[in-house]
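One letter stands for each residue in the lines below.
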Amino acid sequence: MVHASELMRYEHELMAQGCRYICGVDEVGRGPLAGPVTCAAVIMPLDDLIEGVNDSKKVAKKKRERLAELIKEKAVAYCVASYDSRKIDEMNILAATKACMAEAVAGLAVTPDVVIVDALTLDIPVRTFGIVHGDAQSYSIAAASILAKVERDAYMTGMDEVYPGYGFSSNAGYGTAAHIAALKELGPTPIHRRTFIGHFVDADE
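First, a word on scope: everything that follows refers to the structure included in this document. (Residues numbered from 1 in each chain as written. Predicted model: local features only at pLDDT ≥ 70, side-chain atom pairs only at ≥ 80, totals over all residues. Heavy atoms only, no water.)

Helix and strand counts for the protein chain come out as 7 helices and 5 strands. Along the protein chain, helices and strands appear, N-terminal first, in the series α-β-β-α-β-α-α-β-β-α-α-α. By its C-alpha atoms, the protein chain is 55 × 35 × 25 Å across when sized along the principal axes. Taking as baseline every contact in the protein chain between residues at least 6 positions apart, the subset at least 24 positions apart corresponds to 65%. With an accessible surface of roughly 9500 Å², the protein chain has 52% of that area assigned to carbon and sulfur atoms. Here the protein chain contributes 21 positively and 28 negatively charged side chains, and the mean placements of these two sets differ by 2 Å. (Helix = DSSP H or I, 4+ residues; strand = E, 2+ residues; numbered from the N terminus. Contact = heavy atoms within 4.5 Å. Areas by Shrake-Rupley, 256 points an atom, 1.4 Å probe, with all protein chains shown as cover. Lys, Arg positive; Asp, Glu negative; His and termini not counted. Charge placed at Lys NZ, Arg CZ, Asp CG, Glu CD.)

Put into C-alpha cells, the structure is as follows:
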C-alpha cells in the first residue's frame, strides 16, 4: 500500500516556497457516454494526513466512500461541481472539464495559495499548474479524485433507478459492451452525451 507521506513530494516543494493553502483538483467522468463530468477541489491539512488516500481508481469502493467522509471532515475547504451532458455537448468535454474545475475552485470557502491539477492547467486568478498522473503522485489531488468519484458514482447509481436497463450503477456511464447493447436497444436517455454516442445510435433521437 502507498503511504500518504509518499504522495507529498509536490506539497513539500510548495510549502518550502511559502504556500500554506495548497488546493488539489481532479475530475471524474471525462470518458463516459452518459452522465456528468464531476470535479472536486480540496485544501487538506498537510500535517495530519489520512492513510489510504490515493488515486481513486486504485481504492476499493467501500474504502473510497469511508475516505471521502474523512476527507470532508478534515478538509480546510472543499467544493465539488458537476457539468451535465447538455453542457458537455455544448462546450466539448475538455472545455466543460476546465470550466467545472474552475467552478469547484471558485466555490472554496478559503482562497488557495496555489492550485495543482491532474494533467490540466486552468485559466483562473490563482497560480496553477498541472501534474501528469497527479492523482497518483499528489496527496491533495488524490483526495480530490476520491471526492469527485464518490459523488459521481452516487449520482450514477441514482440514475440507474431513473433509467433502468443501462447498468449505470455498475458502469457509471462508461461504454461497456452491455451499456452499448442497451443503448442500441433502448435508445439514449436525457443524460447520454449526444456528441459521444453517434457511433452507436442516432444521437438526435
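The structure having been displayed, the exposition proceeds.
Turning our attention to the nonpolar core. Within the largest apolar cluster, 31 residues are counted, with the highest numbers of intra-cluster contacts made by V42, M44, V53, I71 and Y139. When contributions to this core are tallied by element, the ones reaching two or more residues are α1 (9-16), β1 (22-28), β2 (37-43), α2 (61-74), β4 (114-118) and α5 (139-162). Among the elements that line this core, the one with the most residues is α5, at 9 residues. Excluding its chain neighbours within four sequence positions, the residues that come into contact with V42 are I22, C23, G24, I71, A75, A77, Y78, S140, A143, A144 and L147. Among the nonpolar cores identified, the runner-up in size contains 24 residues, and A41, A96, C100 and V117 belong to it. (Core = buried A, V, L, I, M, F, W, Y, C linked by side-chain atoms within 4.5 Å. Buried < 20%, exposed > 50% of the residue type's maximum accessible area, 1.4 Å probe, protein only.)

The next thing to look at is the pattern of salt bridges. In the structure shown here, the tally under the stated rule is 7 salt bridges. Among the ionic pairs, D55 bridges to K57, the shortest N-O distance being 3.3 Å. In this structure, D153 engages K149 in a salt bridge whose closest nitrogen and oxygen atoms are separated by 3.2 Å. Highlighted residues: D153 and K149, both in helix α5, separated by 4 residues, approximately one helical turn. This pair shows no difference in class: D153 is buried, exactly as K149 is. The structure contains a network of salt bridges with shared partners spanning D55, K57 and D135. (Salt bridge = Lys/Arg side-chain N within 4 Å of Asp/Glu carboxyl O.)

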